[in-house]
Amino acid sequence: MNVEKIMVIGAGQMGSGIAQVCAQAGFTVLLNDLKPEFVERGLAGIEKNLARQVLKERITEDEKVAILANITASTNLVDAGTVDLVIEAAVENMAIKASIFKELDEIAPAHAILASNTSSLPITEIAAATTRPEKVIGMHFMNPVPVMKLVEIIRGLATADEVYKTIEDITKKLNKVPVEVNDFPGFVANRILMPMINEAIYTLYEGVATKEAIDDVMKLGMNHPMGPLTLADFIGLDTCLYIMETLHEGFGDDKYRPCPLLRKYVKAGWLGKKSGRGFYEYA
């Protein structure tokens, strides 16, 4: 299956990162979001990342210009009518994703593959919103996308072998490492990571240690690049809570019960770095 043109839905941190690596690999990219200012912000972030690469002499100015020329702004899903692959990177909410996929199913060409960058939601359920479940697949990139090598590729119940192979090949073209994962809540990355973060929050909640001490233990004792509470702030505490709720509901096991302190922070609007305050404060 030949893929030349890709639409990325969602111009936030994940979507703009995915658009950047696709454009760097030579694909024609449509970066789509609800409002022009959202797309412009995403494009500005991509340009800033590429400018940094020029300063570090990893790419030339001409290469930067060529990469940016591969990306076109879009604010209408109708633009999906000309693409070979859609990678959805919208908010982590099943109702929203199902609605997007239902609309894409009506717009995208019959041959087009519909992929979701979901970090925890069932691909089989997302695929059920379409009439082409064999062409629906999960492509879970890690954050920050231009830096991190891993992509979890998740088959839904009906995903065709040809579709899996196409996405595996594209992942390699993006200079990423594809890992096949079965369609279970949280897949592998978040099934392991989020309970660790949740347990760190419980440790703070129960007064076992300060947030700084908890992060230092994991950084200096376990060689993690950043502590779990700092990482939670970077991911977004609302995202952490949503994934823990997905795990709790999906497995029906109380070991995945979100910590009350996590719920309290989210209700307070303390969502981490993006809101200026989470476990830590950000200027």
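About the thresholds
- Residues numbered from 1 in each chain as written.
- Predicted model: local features only at pLDDT ≥ 70, side-chain atom pairs only at ≥ 80, totals over all residues.
- Heavy atoms only, no water.
- UniProt positions renumbered as here; feature names shortened; annotations may be inferred.
- Pairing = 2+ DSSP bridges.
- Helix = DSSP H or I, 4+ residues; strand = E, 2+ residues; numbered from the N terminus.
- Axes fitted to C-alpha atoms, helices over the stretch in contact; angles between N-to-C directions.
- Contact = heavy atoms within 4.5 Å.
- Expected span 1.5 Å × (residues − 1).
- Buried < 20%, exposed > 50% of the residue type's maximum accessible area, 1.4 Å probe, protein only.

As annotated in an unreviewed UniProt entry, the chain carries the name 3-hydroxybutyryl-CoA dehydrogenase and is attributed to Bacillus yapensis. On record in UniProt, under Pathway (unreviewed entry), the comment for the chain is "Lipid metabolism; butanoate metabolism." According to the UniProt record, the Sequence similarities (unreviewed entry) comment for the chain reads "Belongs to the 3-hydroxyacyl-CoA dehydrogenase family."

The strand order across the open sheet formed by eight strands is β3-β2-β1-β4-β5-β6-β7-β8, and the pairing between neighbours is mixed. The open sheet has two edge strands, β3 (71-74) and β8 (177-181), and neither has a second partner. In this sheet, neighbouring strand axes are inclined to one another by 25 degrees on average, regardless of whether the strands run parallel or antiparallel. Inspection of the sheet shows strand β4 (residues 85-88) paired to strand β5 (residues 113-116) by four bridges, in the parallel sense. Of the residues in β5, the one forming a bridge with L85 is I113. Together, β1 (5-9), β2 (28-32), β3, β4 and β6 (136-141) form the strand contacts of helix α1 (residues 13-24), whose direction differs from that of β2 by roughly 170 degrees.

With that settled, the discussion passes to helix α7 (residues 189-205). Counted at 1.5 Å a residue, the expected span for α7 with its 17 residues is 24 Å, and the 24 Å between its end C-alpha atoms agrees. Within the sequence span of α7, burial applies to N190, M194, I197, N198, A200, I201 and Y202. Where α7 is buried, its residues meet β6, α8 (211-222), α9 (228-235), α10 (237-251) and α11 (260-267). Following α7 by one or two positions, G207 has its phi on the positive side, about 75 degrees.

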